[in-house]
Amino acid sequence: MNVNGKLHEITNIPLFISSYLANPAHPNPASFKPMSEAQIYLGTDFPAGFTNSFIPGFSFQAKTDATGAFTIFVPDGFPATIKAFLLATHMIMKVLPPLNVPIFAPVYRSQTFQFSQINSKVQDIFVIRTEGTTQQSFSQAQINEMTTNIRQQMHLDSLSAFINDGFIGITGQDQGATLKADLFLSPFTGPDLNSFISEKVDNIDIDLPGPDFIVGLFVSKDEIAKQFRQGIHNMMPSLNTQIIDRIQKDFGMLITQLEKSTNSKVTMTFEKLRFPVVETRIIGPFTIKTRAIVPDLFVGISRKLFS
C-alpha cells in the first residue's frame, strides 16, 4: 500500500482562491509552486498511540521531488483500525560545516485517518505561509497574566516569568525556597489540530532555605517541579485559543471561503517561534528589553485526506 501525494506552496493567494473555488481539482498552476526536498512523515498510533515529539512515533517517511511529489511505502498487513496522519516539514537552514545537518520545520498536519481509508489517489496538499507580527503574538503582559494564575494555583509566595531570546525564564519563591526554571516552547507536530505549541520546563533549580537533608523532610523538589510543569501545561489551552482567534481575524474570508469549498476546516501549523524585542527601556545603567513570542505559521488545504 502506498500513500501518494504532492506538496505545493501557494504564491498568489487571490488567484488560487478564485481558481480553487471554481475547480478544487485543478486550481490555476500559476498560483502555486512545488515544495521540493520536503520531508513527509506518515505517523501512526501503532502500537502505543501517537507520541508528542517532532518526528511521529512509528512513522514512515519520504522526500518530495522537484515537482513536490512523494510516495510513502507502507507494508501490508496493518489492522484497518490503525490511525495515521501526515506531517510535512521543510528545510529552513543548515548547520555550518563540517556537520552540514539540515534543520526542518513543520508546514502541514492532516486530520487523522484509518489505514482502511488509504487509496492510490494522489493527495494534493496546498500550504500558505504567513509571517507572524507583534500584533499577533504572546506579549509579556499575557505571560504575566499566565504567571499570576499559576502562582495562585500553586499557592506560591511569588512567581515571575520573562520572555528571553528563545525561552521564558521563570523565578519564584515559597516559604523561603527559591525556584528557577526555563520554559521552552516549540511548534506542536502531533495530530491534535487544536494544539499548536509544545511546552517543556527544564533547568529546574530549587534552592532550599537550609541544608537539603533537613528541609527535604518537609519540601519535595520533585513535587514542586511536577506542579510547576502542570501549571504551565494547564495554561496552554487558553493561549492556544487566543492564537486561533488571531489567525481567524488575520485570514478573514480566506478561511471561510476555503472551508466552504472543501466542506472541511483548513489545518494550521506553526512553523517556528520568534522572540523579537518590542520595547527597550533604559533605567540608569540598565537596559531592559521587552520581547514578544511571534509564531510564523502555515495554513494547509485540505485538512481531511482520502475523502
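## A closer look at unusual backbone geometry
For the peptide bond that leads from Ile301 to Ser302, omega is 5°, which places it in the cis range. At Glu37, a residue that is not glycine, the phi angle is positive and equals roughly 55°. Mapped onto the elements of the fold, Glu37 is located in the loop between strand E2 (32–34) and strand E3 (39–44). If you check the backbone angles, Asn203 has positive phi at about 55° while not being a glycine.

## Observations regarding the nonpolar core
The biggest cluster of nonpolar side chains holds 37 residues, and the ones touching the most others in it are Phe16, Ile168, Leu185, Leu273, Ile293 and Ile301. In terms of residues, this core owes the most to one element, strand E12 (residues 177–187), which gives 5 residues. If you count residues domain by domain, this core takes at least three from each of domain 1 (2–134 + 246–289 + 296–302) and domain 2 (138–243). Apart from the residues lying within four places of it in its own chain, the contact partners of Leu185 are Ile168, Ile197, Ser198, Glu199, Leu273 and Ile293. Judged by nonpolar contacts, the second largest core, of 26 residues, contains Leu42, Val107, Phe113 and Phe298.

## A short note on the pairing of strand E15 (residues 277–283)
The pairing of E15 with strand E16 (residues 286–291) spans 6 bridges and is antiparallel. The residue bridging Val277 from the neighbouring strand is Arg291, located in E16.

## Comments concerning the sheet that holds strand E10 (residues 158–163)
Pairing in this open sheet of 4 strands is antiparallel, and the strands run E10-E11-E12-E13 from one edge to the other. The two strands at the open ends of the sheet, each matched to only one other strand, are E10 and strand E13 (197–207). Geometrically, the sheet is characterised by an average inter-axis angle of 20° between neighbouring strands, direction not taken into account. Bridge count for E12 against E13 is 9 bridges, and the pairing is antiparallel. Its bridge partner lying in E13, Thr178 is registered against Asp207. Here helix H2 (residues 140–154) sits on the sheet in contact with E10 and strand E11 (168–174), set at roughly 155° to E10.

What counts as what
- Residues numbered from 1 in each chain as written.
- Predicted model: local features only at pLDDT ≥ 70, side-chain atom pairs only at ≥ 80, totals over all residues.
- Heavy atoms only, no water.
- Helix = DSSP H or I, 4+ residues; strand = E, 2+ residues; numbered from the N terminus.
- Core = buried A, V, L, I, M, F, W, Y, C linked by side-chain atoms within 4.5 Å.
- Buried < 20%, exposed > 50% of the residue type's maximum accessible area, 1.4 Å probe, protein only.
- Domains from an automatic or database assignment.
- Contact = heavy atoms within 4.5 Å.
- Pairing = 2+ DSSP bridges.
- Axes fitted to C-alpha atoms, helices over the stretch in contact; angles between N-to-C directions.

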